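These are the residues of each chain, in order.
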Amino acid sequence: MRRIGFPWSEHLLTRTLHSVAGTELAARKALEHGIALHISGGYHHAHQDFGSGYCVFNDLVYSAIRMINQGLADKVLIIDCDVHQGDGTASMTVGDANIISCSIHCRQNFPARKADSHYDIELEKGAGDDEYLTTLEQILPLLILTHRPDLILYDAGVDVHAEDELGLLRLSLEGISRRDMSVLRHARDAAIPIACVTGGGYCKDPLQLTLRHSQLFHAAAMLYR
């Protein structure tokens, strides 16, 4: 529990199971409708046999495995844009040709000891909108053309924001909006279903945190309505 970072409670159990099931449901709905958004999820620090970094179970890998095992997808691409590396996702997909993990994160941030994703895109502390978005626009077409996934799982963490309490990057609110638009647009243009989770975000002001997370929902409405 110390490694996870939460005290044990029945509420934590209930919330965790609902969040993991919600990501699986979002994956199913994305395959049905082209896109689905989940207001929770993105627990990318959870490993096969232990939780870590506020993550109990890895909903991204779990949902990818469920879609593949049930014959709903052959290949799943996980695009992780949380400011922290998805070390749990990386460790659980190593050597897996059917679940491709890509983590775009701050090199100096948690975890100190990184795992090896299929693709690790490391940005230096203080990187802002232009550097981030240029990097993203370079990697997205490569990922899609190389792997041609049947489903994309997108971790849209907003801890990349300049004022996030645990982030070390310098994205603006507009930068987060442009990031989300970019990921969704590439998925839409390639006709690949995409399921999105809100991922990390750390701010004591709930209004500001909600505003940052809402960029994903605005982007989805604009592109898919």
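Here, every reference points to the structure presented above.
Procedures and definitions
- Residues numbered from 1 in each chain as written.
- Predicted model: local features only at pLDDT ≥ 70, side-chain atom pairs only at ≥ 80, totals over all residues.
- Heavy atoms only, no water.
- Phe/Tyr/Trp six-rings, centres within 6.5 Å; stacked < 30°, edge-to-face > 60°.
- Helix = DSSP H or I, 4+ residues; strand = E, 2+ residues; numbered from the N terminus.
- Buried < 20%, exposed > 50% of the residue type's maximum accessible area, 1.4 Å probe, protein only.
- Core = buried A, V, L, I, M, F, W, Y, C linked by side-chain atoms within 4.5 Å.
- Contact = heavy atoms within 4.5 Å.
- Salt bridge = Lys/Arg side-chain N within 4 Å of Asp/Glu carboxyl O.
- Axes fitted to C-alpha atoms, helices over the stretch in contact; angles between N-to-C directions.
- Parallel < 35°, antiparallel > 145°, perpendicular 65-115°, else oblique.
- Nonpolar A, V, L, I, M, F, W, Y, C, P; charged D, E, K, R; others polar.
- Expected span 1.5 Å × (residues − 1).
- Left-handed = near helix turned anticlockwise from the far one by under 90°.

**Observations concerning the packing of aromatic side chains**
- Within this structure, the stated rule accounts for 2 aromatic pairs.
- Between Phe 6 and Tyr 54 the ring centres are 5.3 Å apart and the planes differ by 35°, which places this aromatic pair in the tilted class. In this pair, Phe 6 sits in the segment before helix H1 (10-33) while Tyr 54 sits in the loop between strand E1 (35-38) and helix H2 (59-69), placing the two residues 48 residues apart along the sequence.
- Classification of Phe 6 by relative accessible area gives partly exposed; the value is 32%.
- Tyr 54 sits in the partly exposed class, given a relative accessible area of 38%.
- A centroid spacing of 6.3 Å and a plane angle of 45° characterise the contact between Tyr 54 and Tyr 202, whose relative ring orientation is tilted.

**A closer look at the nonpolar core**
- Grouped together as the largest cluster of nonpolar side chains are 37 residues, with contacts concentrated most on Ile 104, Tyr 154, Leu 169, Leu 184 and Ile 194.
- Per-element accounting of this core gives the leading share, 6 residues, to helix H4 (residues 129-147).
- Apart from residues no more than four positions distant in its own chain, Ile 104 is found in contact with Asp 80, Cys 81, Asp 82, Ile 121, Leu 123, Tyr 132, Leu 136 and Ile 139.
- Formed by 16 residues, the second largest nonpolar core is a distinct cluster that contains Ala 36, Val 61, Val 76 and Leu 151.

**What to know about the pattern of salt bridges**
- Throughout the structure, instances matching the rule amount to 9 salt bridges.
- Between Arg 107 and Glu 124 there is a salt bridge whose closest N-O contact spans 2.9 Å. Of this pair, Arg 107 sits in the loop between strand E3 (99-106) and strand E4 (119-123) while Glu 124 is found in the loop between E4 and H4, placing the two residues 17 residues apart along the sequence.
- Relative accessible area serves as the criterion here: at 39%, Arg 107 is assigned to the partly exposed category.
- For Arg 185, the salt bridge identified is with Glu 137, shortest N-O distance 3.1 Å. Separated by 48 residues along the polypeptide, Arg 185 in helix H5 (residues 173-189) and Glu 137 in helix H4 bring together distant segments of the chain.
- The partly exposed category is assigned to Glu 137, whose relative accessible area is 32%.
- Linked by salt bridges that have partners in common, Glu 24, Arg 28 and Arg 66 make up one network.

**Describing the packing of H4 against H5**
- Two numbers describe how H4 lies on H5: the axes approach to 10 Å, and their chain directions differ by 10°. Judged on the interaxial angle alone, H5 and H4 are roughly parallel. From H4, Asp 129, Asp 130, Tyr 132, Leu 133, Leu 136, Glu 137, Leu 140, Pro 141 and Ile 144 reach across to H5, where they touch Gly 175, Arg 178, Arg 179, Ser 182, Val 183, Arg 185 and His 186.
- Here the residues of the contact of H4 with H5 sort into 7 nonpolar, 3 polar and 6 charged.

**Digging into H4**
- In a regular helix each residue adds 1.5 Å, so 19 residues correspond to 27 Å; H4 covers 27 Å between its end C-alpha atoms and thus fits that length.
- Looking at the packing, one finds that the buried side of H4 touches strand E2 (76-80), E3, E4 and H5.
- Directly beyond the C-terminal end of H4, a positive phi value near 45° is found at Arg 148.

**Side note on the environment of Leu 133**
- For Leu 133, the location among the structural elements is in helix H4.
- Here the alpha-carbon distance between Leu 133 and Leu 171, two residues 38 residues apart in the chain, equals 9.6 Å.
- When near neighbours in sequence (up to four residues on either side) are disregarded, Leu 133 contacts Gly 175, Arg 178 and Arg 179.

**Some details on the packing of H5 against helix H6 (residues 206-224)**
- At a minimum axis distance of 9 Å, the contact between H5 and H6 shows a crossing angle of 35°. Relative to H6, H5 is oriented so that their crossing is right-handed. Taking contact as the criterion, the partners of Leu 173, Ile 176, Ser 177, Asp 180, Met 181, Leu 184, Arg 185, Ala 187 and Arg 188 in H5 are, on H6, Leu 211, Arg 212, Gln 215, Leu 216, Ala 219, Ala 220, Met 222, Leu 223 and Tyr 224.
- Split by residue class, the contact of H5 with H6 holds 12 nonpolar, 2 polar and 4 charged.

All quantities given are derived from atomic positions and should not be read as evidence of function.
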